[in-house]
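Commentary on secondary and tertiary structure
Each chain, written out:
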Amino acid sequence: IGLGGARPATRQSLFHMNIFRDFTDRLQSAVRSVAGHAGSPDIDTSRVVVEPPREAAHGDLACNAAMVLAKPLGMKPRDLATRIAAAIAEDPDVDAAEVAGPGFINLRLASGYWHKALKTLIESAADFGRSEIGAGAKVNVEYVSANPTGPMHIGHCRGAVFGDALANLLEKAGYIVTREYYINDAGAQVDVLARSAYLRYCEALGEDIGDIPEGLYPGDYLKPVGAALAHEHGDLLLAMPEAEWLPIVRAWTVDAM
């Protein structure tokens, strides 16, 4: 059974598609060829997926074609897999096509295919793998955006790395990416932070603040903020009504955090 016109990927096609997409196209072509011989030339191959095998020892690629198409074609999965494997084995870039389990197809690619991919990678440099799948769609990626109501921690570092990598991948895939760091310096949550810092300010001036009221932030990380407020303002804030000291403490605390 032939491949229905499929041909090995050229350097240009390797540039535009990854190996999994390349072989998804080839296997879909092989499936259509098999289906045509079975009297179903218009079989829907959209559910055919090529991915890494569960075990590296099983080969380079694995395909589910027989598992998802056996019922529409009225065949047993393993019998269908055997026919598809025979068809794709004719591809000069395939070293071996084996049927595993109930009907999965495992492929081992010829060394020449990897050589072509490596050559393309070297020649393309930073452009290797670039695609137009995003079609210029605009994407906003907000990351890090550490909340000032608490101290920085390793999760914020992880978010910075993950967000930057995601934004780079989206750009590589043809999206127009805006990177956003949202600074949360307003609203009820930040007012709660300011009131919590004010209590620590009072504490730094020697007042007994007792237990932190429910709804405020009890963490010791605000003690240095309160001490800094006391050093900067002395006891001047104590004589002010909340409406006056709140914006002062809020701005100071957000900057300190």
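The shown structure was predicted, so the numbers you read here are calculated from the model rather than taken from an experiment.

Let's shift gears to the overall build of the protein chain. If you tally the helices and strands in the protein chain, you get 9 helices and 6 strands. For the protein chain, the C-alpha radius of gyration of 31 Å lies well beyond 18 Å, the compact-globule estimate for 257 residues. Referenced to the eigenvectors of the C-alpha coordinate spread, the extents of the protein chain come out at roughly 90 × 40 × 35 Å. Taking all 257 residues of the protein chain together, the buried fraction comes to 37%. Considering only contacts in the protein chain between residues 6 or more positions apart, those separated by 24 or more positions represent 61%. Side-chain charges of the protein chain comprise 23 positive and 33 negative groups, with the mean position of each set lying 14 Å from the other.

In this model helix H9 (residues 242-256) runs 20 Å from its N-terminal to its C-terminal C-alpha over 15 residues, within 8% of the 21 Å that 1.5 Å per residue would give. Of the positions making up H9, those classed as buried are Trp 245, Leu 246, Val 249, Thr 253 and Val 254. Considered in projection along H9, the buried side chains sweep an arc of 150° and stay on one side of the axis. Buried-residue contacts for H9 involve helix H7 (188-204) and helix H8 (223-233).

Strand order in the open sheet formed by 4 strands is E1-E2-E4-E3, with antiparallel pairing between adjacent strands. The two strands at the open ends of the sheet, each matched to only one other strand, are strand E1 (50-51) and strand E3 (94-100). Sheet topology note: the E3/strand E4 (residues 104-109) ladder contains 6 bridges and is antiparallel. Residue pairing in the sheet places Ala 96 in a bridge with Arg 108 of E4.

Moving on, we come to H8. Helical periodicity: at 3.6 residues per turn, an α-helix aligns residues three or four positions apart in one direction. Taken together, the buried positions of H8 are occupied by Val 225, Gly 226, Leu 229 and Ala 230. In an axial view of H8, the angular spread of the buried residues amounts to 140°, which keeps them on one side of the axis. Looking at H8, the residues exposed on the side facing more than 90 degrees away from the buried face are Pro 224 and His 231. Here the buried face of H8 lies against H7 and H9. Phi turns positive, to about 60°, at Gly 234, one or two residues after H8.

Rules of the game
Residues numbered from 1 in each chain as written. Predicted model: local features only at pLDDT ≥ 70, side-chain atom pairs only at ≥ 80, totals over all residues. Heavy atoms only, no water. Helix = DSSP H or I, 4+ residues; strand = E, 2+ residues; numbered from the N terminus. Rg over C-alpha atoms; globule rule 2.2 N^0.38 Å. Buried < 20%, exposed > 50% of the residue type's maximum accessible area, 1.4 Å probe, protein only. Contact = heavy atoms within 4.5 Å. Lys, Arg positive; Asp, Glu negative; His and termini not counted. Charge placed at Lys NZ, Arg CZ, Asp CG, Glu CD. Expected span 1.5 Å × (residues − 1). Arc of directions from axis to C-beta. Pairing = 2+ DSSP bridges.

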